[in-house]
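Commentary on secondary and tertiary structure
Here is how the chains run, residue by residue.
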Amino acid sequence: MLHLYNTLTRQEEEFNPIHEGKVSLYACGPTVYWFAHIGNMRYFLFVDVLSRALRANGYEVKQVMNITDVGHLTGDVDEGEDKMIVAMRREGKTAHEIAQFYTDAFLKDVDRLNMKHASIYPKATEHIAEQIDMIQHLEKNGYTYRTSDGIYFDTSKLESYGRLSGQKSEDKLAGARVDMGEKRNTTDFALWKFSGAQSSREMIWESLWGSGFPGWHIECSAMSMKYLDVPFDIHTGGVDHIGVHHENEIAQTQGAEGELEANVWMHSEFLTVDNGKMSKSLGNLYTIDDLIAKGYDPLAFRYFVLGAHYRSQINFTFEALDAAANALTKLRETVRGWDEPDVGCAEIEEKFFAAMNDDLNTPQTLAVVWELVNADLPTNAKAESILRMDQVLGLRLKDYVGHALEIPLEVQQLVNDREEARKQKDWKRSDELRVDIEKLGYVIEDTADGSKVKKA
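A brief look at the structure comes next. (Residues numbered from 1 in each chain as written. Predicted model: local features only at pLDDT ≥ 70, side-chain atom pairs only at ≥ 80, totals over all residues. Heavy atoms only, no water.)

Details of the overall build of the protein chain
The helix and strand inventory of the protein chain stands at 15 helices and 14 strands. Split into buried and exposed, the 456 residues of the protein chain put 52% on the buried side. Contacts in the protein chain between residues at least 24 apart in sequence constitute 73% of all its contacts with a sequence separation of at least 6. Roughly 20,800 Å² of accessible area belongs to the protein chain as shown, and the carbon and sulfur atoms make up 47% of that amount. Of the charged side chains in the protein chain, 50 are positive and 74 negative; the average position of the first set lies 4 Å away from that of the second. (Helix = DSSP H or I, 4+ residues; strand = E, 2+ residues; numbered from the N terminus. Buried < 20%, exposed > 50% of the residue type's maximum accessible area, 1.4 Å probe, protein only. Contact = heavy atoms within 4.5 Å. Areas by Shrake-Rupley, 256 points an atom, 1.4 Å probe, with all protein chains shown as cover. Lys, Arg positive; Asp, Glu negative; His and termini not counted. Charge placed at Lys NZ, Arg CZ, Asp CG, Glu CD.)

As structure tokens, this is what we get:
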């Protein structure tokens, strides 16, 4: 049985969907005002592994991932400008152009990292009516109040507020240094922000309360209800979503519908870089494009992420990425020599799926993969098993299993010339030929049995 850690109950639980054989999954998606960085992609890879694991357990998965193209303020706590408006000013483009460009960039990274696409990618700007409708329900139920800059949710009216983070409103208030403004409670949050003189006309909508735009949190409550109903099975996000965004989502749905938004809440930990925080100012905020420019296969980053449990922080260094890339290359080159898949290795597969069903223990699944690789078993059986495992790991091993590397004639001639240079002990010429081979996308590995050619 599949067991998952539920942030809401703070324990690992046996997963039982609301509807037999079907899973409804909502994953907080990208805010498309800039490129997603590798810390973001660590979270999205967790979502992908979760959806793959659910499918491996025989479930039909309906996955919704929102596209935030309005409402997310620069301060994240109802302060500052909308991030999309900042991007419009920075790039001199319309909100639609910016959102489309960075959405396309995100989906390109999804494909590069071999993630399965969500069933639906709803955009916040295309669901303003649903968000307004939910705010009206909250107003009718007595959870809202008006200030000079917007409509706010009164968290003191909801007794269960704070259940996800385990921190009540009064606890959050203690020691907090927050400019309350007109807010009644420090944890109150904006449902609708009035446009004001600084907003772009393109990002304004009319409502019963006046022209403006929705707060960040309301989109997920409104769109998850539209596409998955409430409650639904699983809601995912990063650990930074627990205390504010997801806490507020739960409050909104509870206040409007009298229902818990989702039964299981799952959160992935941070990715650090060189044991520190990523930032543009430090020059260590990397994207998948940056990794590719440095010569890395995006799937090497996927392998790197699989090496840590999603609830543990993972520290990114290029040395660690090199190790992941080398391991992936070795795995690919090994399975190339295997026979066509057949039968499988039931006992090792059982170990793999037991680890995967133990709250997505990907480090242990990789250990089982290497146990399979090194096992003294027929290669056709190993090939069948590793392809089943890769349906969850997503390393595209089907492109390598049983597919011997075809060396182009041009490369093979250089390899032969290098072998001859080595026989003549012409080491300078040998090194020059090695460089020529590498320029064509191949590498030479010198072994006791002779030189072996591999794809770079």
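So, the nonpolar core
Membership of the largest hydrophobic core comes to 91 residues, with the highest contact counts inside it found for Ile234, Phe301, Phe316 and Ile386. With sequence-adjacent residues up to four places away left out, phenylalanine 316 is seen in contact with Ile38, Leu271, Thr272, Val273, Asp274, Tyr286, Leu291, Phe301, Phe304 and Leu321. Counting residues in each nonpolar core, the second largest holds 35 residues, with Ile98, Met134, Leu138 and Leu191 among its members. (Core = buried A, V, L, I, M, F, W, Y, C linked by side-chain atoms within 4.5 Å.)

Notes on the sheet that holds strand E9 (residues 232-238)
Pairing in this open sheet of four strands is parallel, and the strands run E4-E3-E9-E10 from one edge to the other. Since the sheet does not close on itself, it has two edges, and those belong to strand E4 (60-65) and strand E10 (262-268), each with one partner. When strand polarity is set aside, the average angle formed by the axes of neighbouring strands in this sheet is 20°. Bridge analysis of strand E3 (residues 22-27) against E9 gives three bridges, and the strand direction is parallel. Looking at E9, one finds that leucine 25 is bridged to isoleucine 234. Packing of helix H6 (residues 218-228) onto the sheet brings it into contact with E3, E4 and E9, and relative to E3 it is tilted by some 160°. (Pairing = 2+ DSSP bridges. Axes fitted to C-alpha atoms, helices over the stretch in contact; angles between N-to-C directions.)

A closer look at the side chain of lysine 123
Along the polypeptide, lysine 123 turns up in the loop between helix H3 (95-112) and helix H4 (128-140). Of the buried charged residues, lysine 123 lacks a salt bridge, with glutamate 126 as the closest side chain of opposite charge at 4.4 Å. Filtering out sequence-adjacent residues up to four positions away, lysine 123 remains in contact with Ile67, Asp69, Gln100 and Met223. (Salt bridge = Lys/Arg side-chain N within 4 Å of Asp/Glu carboxyl O.)

Concerning empty space enclosed by the protein
Within this structure, the stated rule accounts for four cavities of 30 Å³ or more. One number sums up the size of the largest cavity: a volume of about 110 Å³. Every residue lining the largest cavity is listed: Arg42, Leu45, Phe46, Val49, Arg302, Val305, Leu306, Ala308, His309, Tyr310, Leu360 and Thr362. Of all the secondary-structure elements, those providing two or more residues to the lining of the largest cavity are helix H1 (38-56) and helix H9 (298-306). Among the elements that make up the lining of the largest cavity, the one with the highest residue count is H1 (four residues). Its residues assigned to classes, the lining of the largest cavity comprises eight nonpolar, two polar and two charged. The calculated volume of the second largest cavity comes to roughly 70 Å³. As for the second largest cavity, its lining consists of Phe44, Val47, Asp48, Ser51, Gln63, Met65, Val110, Met115, Lys116, His117, Ala118 and Tyr121. Secondary structure elements with two or more residues in the lining of the second largest cavity: H1 and E4. The leading source of residues in the lining of the second largest cavity is H1, at four residues. (1 Å grid on protein atoms, 1.4 Å probe; cavity = no way out; pocket = protein on both sides within 12 Å on 5 of 7 lines; lining within 4 Å. Points joined across faces, edges and corners; volume = space filled by probe spheres on them. Nonpolar A, V, L, I, M, F, W, Y, C, P; charged D, E, K, R; others polar.)

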